[in-house]
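Given next are the chains, with one letter for each unit.
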Amino acid sequence: MQSASSTASAQTPLNHRPTVAIIGAGPGGLSTAMLLAAAGLDVTIFESQPVVGGRTRRLEAGPFSFDCGPTFFMMPYVLEEIFSAVGMATSDFVEMKRLDPMYRLLIGDEHGGAPTRIDATGDLQKMAAQLDRIQPGDGAAFHRFIADNRRKLALMEPILRSPIRGLADLLNLDTLKAAPVLRPWESIHTHLKRYFKSDQARLSMCFQSKYLGMSPFECPSLFSILPFIEYEYGVWHPIGGCNALTTAMAQACTLLGARIETASPVSRILFDGKRANGVVVHSTERRFDHIVINADATWALKNLIPESLRPRGYRDAAIDAKRYSCSTFMLYLGLDGKVDLPHHTIYTSTKYRQNLADIGEGRVSEDTSFYVCNPSRTDSTLAPDGDSALYVLVPTANTKAAQDGAPIDWNVAAPKLRDETLQRLETVMGVPDAARRVKAEIVCTPDDWRAQNINHGATFNLAHNITQMLHQRPQHKLQGFENLWMVGGGTHPGSGLPVIFLASEITSRLLCAQCGVKSPLDEPLARRRNSS
C-alpha cells in the first residue's frame, strides 16, 4: 500500500512546480499560503477586499483604527508554530501584550440589582477567591475544573490537529482515549453544574460559547476547554489589533514568494469534470493546479461552484437547511477623551435565556448582552492622543432566523439599537456622555455582514452543534472534487483564530502530501535573519 506522499509523487511531474490559488486573504488563507509557499509551491492569493485580513482586517474612521472582527487572541503558540516552520517568528512582525485582567464580566441581575462583577485573571488563586466570595466552595470547584480541562485539552488536541474525514478517522486510538471526557450530548451549561453551585460562576465559564456564536444551553460540553484556554494560555493583544497578525502573515507570504492580489474577487471556480483547475477574476480565467477556498464556506459552496457539480449534501437547499451561528450588530466608535474601562468588558443580559431565545428566533431583545473592547487602554496606536477607539458588539439574530417568517428590518432596527447601545454604555458600562463624545463612527448590521459574502450574515460561520462537527463539516479536501481544498472556520476544527490556524496546518499538510513535497511543519525552514 502506497503512502499519500509516494502516490502524489507518482502523479506530480518532478519538474513541475504546483500552482495554488487561495480564495481569500483571511487568517486561514494567509497561514496556508505561508506553509505552501515555504514548501516550494507557487501561491497566489485573491482577496475581494482592498486590504488583507477578511473578518480580521483593519477598519479606519478618520484618525481612529479598529479590528473588524476578532479582538481576543489566544493560544499564540499555534501561530508561532507556523511562523517557526517557515523560518520566522511572530515577534519579527508583531508585539503582543498579555492582558491581566483578561476581561471584566458584568452579569446582569434578573431581580434588578447591580450586576455581579468578575475580573477574570490568570492568577488562579485570585480567580478562585472571587468565585468563593459569590458562593463558598466554587473556588475549589474552579481549581478542579481547570485540572479536568487541562487533561481534556491534552486528549482533544490530537483530534483538533487531524483531518476527520469519516468514521475511520474517528475510530482511532486518540479519539477513543478522549471519548470518556467529551460528553458531546451534554450542553456546556449542564456540564458546569457538575462543578459550580452559583449561576454566576457557571455563566463565567460558559459565556465563551458566544465565541462560536452559540448559546451555552446548546453548545456541546466539549467546549469547556474554551475558558480553560483563557486561564492557561492567557488573552493577548497584538499591538495594532488582531489585524496586525494578518498584516504580519501577508508580509511573511510576500517574503516567501507568494503573491497577494487585493480588490480581486473570485466570481467562479473552473472545473474539468470534478477537478478544479482555475478561477475567474475580473472576468479573466486564471489556471491553477489546486484551489483553496478561504471565503465564507457555505457562501463559497453556493456561489463559486455550480450546483450541478456539488454532491447532494451541498446543494443550495441542503446548505440553507444547516444551522448557523448568530450574527452581530457592531459600533466602531472614535470617542473624545479616555474611557475608564478594562481592555475587554462583557455584559450579560438580566434576561439571559430570553436574550438567547430572541437571537435564535429573530427578535431584538429589550436588554441585550453586549461586549465592549477598549484597546486604547493598552495600545496608543489606534486613536489620537487622549482619545479612544471603542469597539462595541451586540450578538443578534442572523438573517436566516426570523420571527413568524419576517426577518428583522435593519433599516428600522439599527438606528434604535444604536441609540439604545450608546445609552447603555453610560448606564451599564459607566461611560459618561457616550453619545455626545462620538467623533467618528462605523455601524455594521447583519445585513452588512451578509453583503460581505457571509452566508446569512452568520459571522461565526456554521453552528458547532454535534451534527455539524468533525467529519460533518465541509472537509479540508472538499468531498466529491479533486484538487479543491478548504480552510477557515467553516471546516474542522471550527471557528476562532487558534483553530483556524490548526485547520491551515491540516489543509497544507494534505495538499503538500498530494503534491509529493514535504510540509515545513514536518521539516521547518532554517531561521531567517532580519526577516522583517
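Anyway, here's the lowdown on the structure attached to this text. These numbers come from a predicted model, not from an experiment. Per chain, residues are indexed from 1 in the order of the written sequence. With pLDDT at 70 or above as the cut-off, local features in this predicted model cover only qualifying residues; side-chain atom pairs require 80 or more to be listed or tallied, and sums for whole chains, interfaces and linings still use all residues. Note that the side-chain values use all heavy atoms of the structure and ignore hydrogens as well as water.

## What to know about unusual backbone geometry
Okay, so step 1: Along the chain, Asp100 connects to Pro101 via a cis peptide bond; the corresponding omega equals 5 degrees.
Okay, so step 2: Only DSSP runs of H or I with at least four residues qualify as helices, and only runs of E with at least two residues qualify as strands; both kinds are numbered from the N terminus onward. Along the chain, the position of Pro101 falls in the loop between β5 (96–98) and β6 (103–107).
Okay, so step 3: In this model, His492 is joined to Pro493 through a cis peptide bond whose omega is 5 degrees.
Okay, so step 4: One non-glycine residue with positive phi stands out, namely His456, at about 60 degrees.
Okay, so step 5: Among the secondary structure elements, His456 is positioned in the loop between α16 (446–451) and β19 (484–486).
Okay, so step 6: Only protein chains enter the accessibility calculation, which uses a 1.4 Å probe; a residue is then buried when its area is under 20% of its type maximum, exposed when over 50%, and partly exposed in between. Given the relative accessible area of 14%, His456 is considered buried.
Okay, so step 7: With a phi close to 75 degrees, Asn461 is a non-glycine residue in the positive phi region.
Okay, so step 8: For Asn461, the location among the structural elements is in the loop between α16 and β19.

## Regarding the sheet that holds strand β9 (residues 259–261)
Okay, so step 1: Across the sheet, which stays open at both edges, the five strands sit in the order β9-β2-β1-β13-β19 with parallel pairing between neighbours. Each edge of the open sheet is held by one strand with a lone partner, namely β9 and β19. Geometrically, the sheet is characterised by an average inter-axis angle of 20 degrees between neighbouring strands, direction not taken into account.
Okay, so step 2: Across four bridges, the pairing between strand β1 (residues 19–23) and strand β13 (residues 290–293) is parallel. In the strand pairing of β13, Val20 is matched with His290. Any two strands between which DSSP finds at least two bridges are classified as paired. Between N-to-C directions, angles cover 0 to 180 degrees, with each direction set by a line fitted to C-alpha atoms, over the stretch in contact for helices.

## What about the side chain of Ser198?
Okay, so step 1: Its place among the elements puts Ser198 in the loop between α8 (188–192) and α9 (199–204).
Okay, so step 2: Accessibility expressed as a relative area gives 5% for Ser198, which makes it buried.
Okay, so step 3: Here the side chain of Ser198 touches Asp138 through a polar contact of 3.1 Å, side chain to side chain.
Okay, so step 4: Every residue pair with non-hydrogen atoms within 4.5 Å of one another is taken to be in contact. When residues no more than four places from it in sequence are discounted, the contact partners of Ser198 are Ile134, Gln135 and Asp138. For the purposes of these results, a polar contact is taken to be a pair of N or O atoms within 3.5 Å, where, inside protein, one atom must be able to donate a hydrogen and its partner to accept one; residues adjacent in sequence count only when each atom of the pair is a side-chain atom.

## A short note on helix α15 (residues 410–427)
Okay, so step 1: The span one expects for a helix is its residue count, reduced by one, times 1.5 Å. Along its 18 residues, α15 runs 24 Å from first to last C-alpha, staying within 8% of the 26 Å computed at 1.5 Å per residue.
Okay, so step 2: Here α15 has its buried residues at Trp410, Ala413, Ala414, Leu417, Thr421, Leu422, Arg424 and Leu425. Within α15, the buried residues cover an arc of 160 degrees as seen down the axis, which keeps them to one side. Of the exposed residues in α15, those oriented more than 90 degrees away from the buried face are Val412, Lys416, Gln423 and Thr427.
Okay, so step 3: Along its buried surface, α15 packs onto β14 (327–335), β15 (344–348), β16 (370–373), β17 (388–396), β18 (438–444) and α16.
Okay, so step 4: Sitting at the head of α15, Asp409 places a side-chain oxygen 3.0 Å from the backbone nitrogen of Asn411. This arc describes the spread of directions from the helix axis toward the C-beta atoms.

## Side note on the pattern of salt bridges
Okay, so step 1: Counted as salt bridges are all cases of a side-chain nitrogen of Lys or Arg within 4 Å of a carboxyl oxygen of Asp or Glu. A full pass over the atoms with the stated rule returns 31 salt bridges.
Okay, so step 2: Measuring nitrogen to oxygen at the nearest pair gives 2.9 Å for the salt bridge that ties Glu232 to Arg150. Placement of the pair is Glu232 in helix α10 (residues 225–233) and Arg150 in helix α5 (residues 138–160), with a sequence separation of 82 residues.
Okay, so step 3: A relative accessible area of 28% means that Glu232 is categorised as partly exposed.
Okay, so step 4: According to the relative accessible area criterion, Arg150 is partly exposed, its value standing at 37%.
Okay, so step 5: The salt bridge involving Arg418 is made with Asp419; its shortest N-O contact spans 2.8 Å.
Okay, so step 6: Here Asp419 falls in the partly exposed class, since its relative accessible area comes to 45%.
Okay, so step 7: When salt bridges that share partners are traced, they join Glu81, Glu157, Arg161 and Glu505 into one network.

## Some thoughts on the packing of aromatic side chains
Okay, so step 1: Ring pairs are drawn from Phe, Tyr and Trp, using the six-membered ring of Trp, whenever the two centres fall within 6.5 Å, and their geometry is named by plane angle: stacked under 30 degrees, edge-to-face over 60, tilted for the rest. One pass over the full model with this rule turns up 19 aromatic pairs.
Okay, so step 2: With a centroid separation of 5.6 Å and 55 degrees between ring planes, the pair formed by Tyr347 and Phe370 is classed as tilted. Of this pair, Tyr347 sits in strand β15 while Phe370 is found in strand β16, placing the two residues 23 residues apart along the sequence. Phe370 shares its class with Tyr347; the two are buried.
Okay, so step 3: Every member of this aromatic cluster is reached through a ring pair, and the members are Phe66, Phe72, Tyr103, Phe207, Tyr211, Tyr332, Tyr371 and Tyr391.
Okay, so step 4: Cation placement over rings: the criterion is NZ of Lys or CZ of Arg within 6 Å of the ring centroid and within 35° of the ring normal. The ring of Phe481 carries the charged tip of Lys274 above its face, separated from the ring centre by 5.7 Å.
Okay, so step 5: Above the face of the Phe217 ring, Arg353 is positioned so that its terminal group lies 3.8 Å from the ring centre.

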